[in-house]
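Spelled out from the first residue to the last, the chains are:
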Amino acid sequence: MKISYAPMSRNYSIDAIKIVAMRGVIMLHTSHDLMSESGYDLASFMYKSAVASIPLFFMVSGYLLLGRQDIGYGYILRKIIRILRYMAVIILAFWLIRGLIKGNLIISDFISIYIGSFFVKGPFFVFWYFGALIILYLILPIANYIYRKYPSVFLLATILLMVIQNCVFLNNLTIINGERIPAALRVYNWLTYLCLGGLMRNVKQIRGSMYMVVIMLIANFFTQQYFIKAANTSYCSFFYSAFPILVYTCSIFNYIEHIKLITPNKIITELSKLFLIVFTIHPFFISPVCKIMQHIPYLAPLFIWISVSVLSIITGYLIMKLPGANKLLSI
């Protein structure tokens, strides 16, 4: 495998992948509680199809970061500080607004929300993603050095990671109630997808195919459907380690990336800027929207997903227009 070090011209297809992943995360969180026990309904299909969303985020990071020459621990420290700052600003705003409404501001509440968010607890349970990202950033300089200097070793290491995470998946089938390792600490998953993103950057011979995406979409659905009983959990996070889901995720990434959107697209550009804030705020819209729409016959999951997406994007857009928001809410 030959690694190219030339700076990339902006590929708006990567922005499109971020948007797909962003919408997919919303689909995950809006459809799970609407799934039927049989698993053969619209909500179940939507939920299982969106399993690639979180892995896609990590693949995008690998695609953009691996191969760069400025990935040292100075760069990593700045990125980690920005992540912690982003979390602090968001949680502080929430804490202040909630405290003013209730008439009390308790410092310990702020601390518990901040710390709990790394462990999928509290109103910002989605922030476990930042805990995983911080761990990956600490590993990144070493991974990047191997990627640039020893590409064959990097390839073999990625294959080994794929084997390890599939072994973890098979082992987890023997554990009651699925995987016990906290989401942020499942480094074997996130590092695998990060490395695969770096490999995708330099794999030009294998062009993406919509047929492959559809085939793996079906394989992904029936893989989850088959193993749900054995795993004793319907949560898709259990399946991130499964090989069919890995191939499904890579097929989506490869297909969109090879579209090569080089010409600036205003809609894609604007939406990609909002992925972080939309990722953060969308859970707050799910409950009120579900109360209104959950009784719509047959298509409730679809309407709830669309409505939460639209509300989150509009709100996120307005938040990012506030003075100083671009600086404070960027990592």
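Below, the structure is looked at part by part. Everything numeric in this text was worked out from a predicted model, so none of it was measured.

Rules behind the numbers
Residues numbered from 1 in each chain as written. Predicted model: local features only at pLDDT ≥ 70, side-chain atom pairs only at ≥ 80, totals over all residues. Heavy atoms only, no water. Helix = DSSP H or I, 4+ residues; strand = E, 2+ residues; numbered from the N terminus. Rg over C-alpha atoms; globule rule 2.2 N^0.38 Å. Buried < 20%, exposed > 50% of the residue type's maximum accessible area, 1.4 Å probe, protein only. Core = buried A, V, L, I, M, F, W, Y, C linked by side-chain atoms within 4.5 Å. Contact = heavy atoms within 4.5 Å. Patch = residues over 30% accessible without salt bridge, like charges linked within 9 Å, V, L, I, M, F, W, Y side chains within 5 Å. Areas by Shrake-Rupley, 256 points an atom, 1.4 Å probe, with all protein chains shown as cover. Salt bridge = Lys/Arg side-chain N within 4 Å of Asp/Glu carboxyl O. Polar contact = N/O pair within 3.5 Å; in protein donor to acceptor, adjacent residues only side chain to side chain. Axes fitted to C-alpha atoms, helices over the stretch in contact; angles between N-to-C directions. Parallel < 35°, antiparallel > 145°, perpendicular 65-115°, else oblique. Disulfide = S-S within 2.5 Å. Left-handed = near helix turned anticlockwise from the far one by under 90°. Nonpolar A, V, L, I, M, F, W, Y, C, P; charged D, E, K, R; others polar.

Turning next to the overall build of the chain. Check the secondary structure of the chain and you find 15 helices and 0 strands. Taken against the 2.2 N^0.38 rule, which gives 20 Å for 331 residues, the C-alpha radius of gyration of the chain at 20 Å falls within 12% of a compact globule. Each principal axis of the C-alpha atoms in the chain carries an extent, and together these give about 60 × 50 × 40 Å. Across the 331 residues of the chain, 52% fall into the buried class.

With 104 residues, the main nonpolar core has Ile-54, Phe-58, Phe-127, Phe-253 and Ile-277 as its most contacted residues. It is helix α6 (residues 128-149) that provides the largest number of residues to this core, a total of 11 residues. Those residues in contact with Phe-127 that lie beyond four places of it in its chain are Tyr-86, Met-87, Ile-90, Ile-91, Ser-117, Phe-118 and Thr-280.

Now for a nonpolar patch on the surface. Among the surface-exposed residues, Leu-42, Ile-296, Tyr-298, Leu-299, Leu-302, Phe-303, Ile-306, Val-310, Ile-314, Tyr-317 and Leu-318 lie close enough to one another that they form a single nonpolar patch of about 1,000 Å² accessible area. The element that contributes the greatest number of residues to the nonpolar patch is helix α14 (residues 300-320), accounting for 7 residues. Mapping Leu-318 onto the fold places it in helix α14. For Leu-318, a relative accessible area of 53% puts it in the exposed group.

Under the defined criterion, the tally for this structure stands at 3 salt bridges. Ionic pairing is found between Lys-18 and Asp-15, a salt bridge with its closest N-O pair at 4.0 Å. In this pair, Lys-18 and Asp-15 are both assigned in helix α1 (residues 12-31), 3 residues apart and thus about one turn of the helix distant. The shortest N-O distance in the salt bridge between Glu-270 and Lys-273 comes to 3.7 Å. Taken together, the positions of Glu-270 and Lys-273, both in helix α11 (residues 266-273) and 3 residues apart, correspond to about one turn of that helix.

Attention now goes to the side chain of Ser-13. For Ser-13, the position within the fold is in helix α1. Taking relative accessible area as the criterion, Ser-13 reaches 0% and is therefore assigned buried. In terms of polar contacts, Ser-13 uses its side chain to reach the backbone carbonyl oxygen of Ile-256, at 3.3 Å.

The next thing to look at is the packing of α6 against helix α7 (residues 151-172). The N-to-C vectors of α6 and α7 enclose an angle of 125°; their axes lie 5 Å apart at closest approach. In terms of orientation, α6 lies oblique with respect to α7. On α7, the residues touching Ala-143, Ile-146, Tyr-147, Arg-148 and Lys-149 of α6 are Pro-151, Val-153 and Phe-154.

Here the focus is the state of the cysteines. For the coordinates displayed, the defined rule picks out 0 disulfides. Free of any disulfide, Cys-195 has its nearest cysteine sulfur in Cys-250, 12 Å distant. What makes Cys-250 buried here is its relative accessible area of 10%.

Further remarks concern unusual backbone geometry. Located in the positive-phi region is Val-120, a residue other than glycine, with phi close to 60°. Considering the arrangement of structural elements, one finds Val-120 in the loop between α5 (107-116) and α6. Positive phi, normally seen in glycine, also occurs at Asn-232, with a value near 60°.

Let us now look at the side chain of His-32. Position of His-32 among the secondary structure elements: in the loop between α1 and α2 (42-49). By relative accessible area, His-32 is classed as buried at 14%. Side-chain polar atoms of His-32 contact the side chain of Ser-234, separated by 3.0 Å. The residues touching His-32, leaving out its near neighbours within four places in the chain, are Tyr-47, Ser-234 and Tyr-235.

What follows is about the packing of helix α3 (residues 53-65) against helix α10 (residues 243-257). Closest axis-to-axis distance for the α3/α10 pair is 10 Å, and the angle between their directions is 50°. One way to sum up the angle between α3 and α10 is to call them oblique. Every pair of crossing elements has a handedness; the one defined by α3 and α10 is right-handed. Where α3 approaches α10, its residues Pro-55, Leu-56, Met-59, Val-60 and Tyr-63 are matched on the opposing element by Thr-249, Cys-250, Ile-252, Phe-253 and Glu-257. Here the residues of the contact of α3 with α10 sort into 8 nonpolar, 1 polar and 1 charged.

In terms of residue burial, α2 counts as a mostly covered element, since 6 of its 8 residues are buried. Looking at α2, one finds that the buried residues are Ala-43, Ser-44, Met-46, Tyr-47, Lys-48 and Ser-49. Lining the buried residues of α2 we find α1, α9 (210-231), α10 and α14. For α2, the capping residue at the N-terminal end is Asp-41, with a side-chain oxygen 3.2 Å from the backbone nitrogen of Ala-43.

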